[in-house]
Amino acid sequence: SSHKGRQGTVLLAGGNHHMMGAIQLAGLASLTSGAGLVKIVTQPEHLVALTQAQPELMTYPQNDLTDLLPQTNAIGLGPGLGQDDWAQALFQSILTSESSKSTPKVLDADALNLLAKQPQTQPNWVLTPHPGEAARLLGTDTADIQRDRFKAVMELQKRYGGVVVLKGNGTLVYDGKRMELCTAGNAGMAVGGMGD
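This report concerns the structure included in the present document. Note that the coordinates shown come from a computational prediction; the quantities given were computed from them, not determined experimentally. (Residues numbered from 1 in each chain as written. Predicted model: local features only at pLDDT ≥ 70, side-chain atom pairs only at ≥ 80, totals over all residues. Heavy atoms only, no water.)

### Topic: the nonpolar core
And then number 1: Of all hydrophobic cores here, the largest spans 36 residues; its most connected members are Leu77, Leu81, Leu90, Phe91, Ile94, Leu107 and Leu115.
And then number 2: Here this core takes six residues from helix α4 (residues 85-96), the largest share from any one element.
And then number 3: Those residues in contact with Phe91 that sit more than four places away from it in its chain are Leu77, Leu107, Ala111, Leu114, Leu115, Gln118 and Gln120.
And then number 4: Core analysis: the next-biggest nonpolar cluster, separate from the first, contains nine residues, Ile23, Ala26, Val38 and Leu50 among them. (Core = buried A, V, L, I, M, F, W, Y, C linked by side-chain atoms within 4.5 Å. Buried < 20%, exposed > 50% of the residue type's maximum accessible area, 1.4 Å probe, protein only. Helix = DSSP H or I, 4+ residues; strand = E, 2+ residues; numbered from the N terminus. Contact = heavy atoms within 4.5 Å.)

Here it is, written out as structure tokens:
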């Protein structure tokens, strides 16, 4: 008796010029993990190419964002986002929209770099920095993050809220109360696109 409308709608935002692959991989991952509908807001030149590569993906220009946000159950922001004016406008639109305030979000890649420049907190997001992004978020360097990863993930969560996944060898997941250490993973994951 179920149908796609009951399986959740994911909205992904990113895929700036020259970075369509990142948002395409995130879309494929969302479909594969069971999302009923996957909607992608990206640069206009990517709209047709994405649906030709994966017909189940629904693609939209940035102008449609206001209409899409109220229909969304989860948001992924950052794959291939970049940091130019287009990226900053998309970042701000999603994080300040009243219709997305309570929507669970995952921020990765350049969304984290933009967050470092415009710090804020939200209780319902998951931040997924690698050590370099974590360093930018905390205004320090990668060596400092790696020196005490437990301290770094706790400081990130305290400063930005939500759940923080500090990626790397011994990925740490911290929600402000409970800490988990992920011992899975391998060197084969050290390639572009694994996060997407």
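That was the structure; now back to the text.
### A word on the sheet that holds strand β6 (residues 125-127)
Strand pairing in a sheet is mediated by backbone hydrogen bonds. Such pairs are either parallel or antiparallel.
And then number 1: An order of β3-β2-β1-β4-β5-β6-β7-β8-β9 is seen for the nine strands of this open sheet, with the pairing classed as mixed. One side of each edge strand has no neighbouring strand; the edge strands of this open sheet are β3 (58-60) and β9 (179-182). Direction aside, the axes of adjacent strands within the sheet are offset by 15° on average.
And then number 2: As judged from the three bridges shared by strand β2 (residues 37-41) and β3, these two strands associate in the parallel manner. Within the sheet, the bridge partner assigned to Val41 lies in β3 and is Tyr60.
And then number 3: Along the sheet face, helix α8 (residues 149-160) touches β6, β7 (163-166), β8 (171-174) and β9 and points at about 35° away from the line of β8. (Pairing = 2+ DSSP bridges. Axes fitted to C-alpha atoms, helices over the stretch in contact; angles between N-to-C directions.)

### Description of unusual backbone geometry
And then number 1: The backbone phi angle of His18 is positive, close to 70°, even though this residue is not glycine.
And then number 2: On the secondary structure map, His18 appears in the loop between β1 (9-13) and α1 (20-32).
And then number 3: With a phi angle near 55°, Ala109 is a residue other than glycine that sits in the positive phi range.
And then number 4: Structurally, the position occupied by Ala109 is in the loop between β5 (105-107) and α5 (110-117).

### Structural notes on the layout of surface pockets
Unoccupied space between atoms shows up once a probe the size of one water molecule is rolled over them.
And then number 1: Considering only enclosed or pocket space, the largest pocket measures out at about 610 Å³ in volume.
And then number 2: Taken together, 24 residues make up the lining of the largest pocket; nearest its centre are Lys167, Gly168, Thr171, Met189 and Met194.
And then number 3: Residue composition of the lining of the largest pocket, grouped by class: nine nonpolar, eleven polar and four charged.
And then number 4: The space that makes up the second largest pocket amounts to roughly 440 Å³.
And then number 5: Around the second largest pocket sit 20 residues that line it, and Ala26, Ala29, Val106, Gly195 and Asp196 are the ones nearest its centre.
And then number 6: If you list the elements that add at least two residues to the lining of the second largest pocket, you get β1, α1 and β4 (74-77).
And then number 7: The class makeup of the residues in the lining of the second largest pocket is twelve nonpolar, five polar and three charged. (1 Å grid on protein atoms, 1.4 Å probe; cavity = no way out; pocket = protein on both sides within 12 Å on 5 of 7 lines; lining within 4 Å. Points joined across faces, edges and corners; volume = space filled by probe spheres on them. Nonpolar A, V, L, I, M, F, W, Y, C, P; charged D, E, K, R; others polar.)

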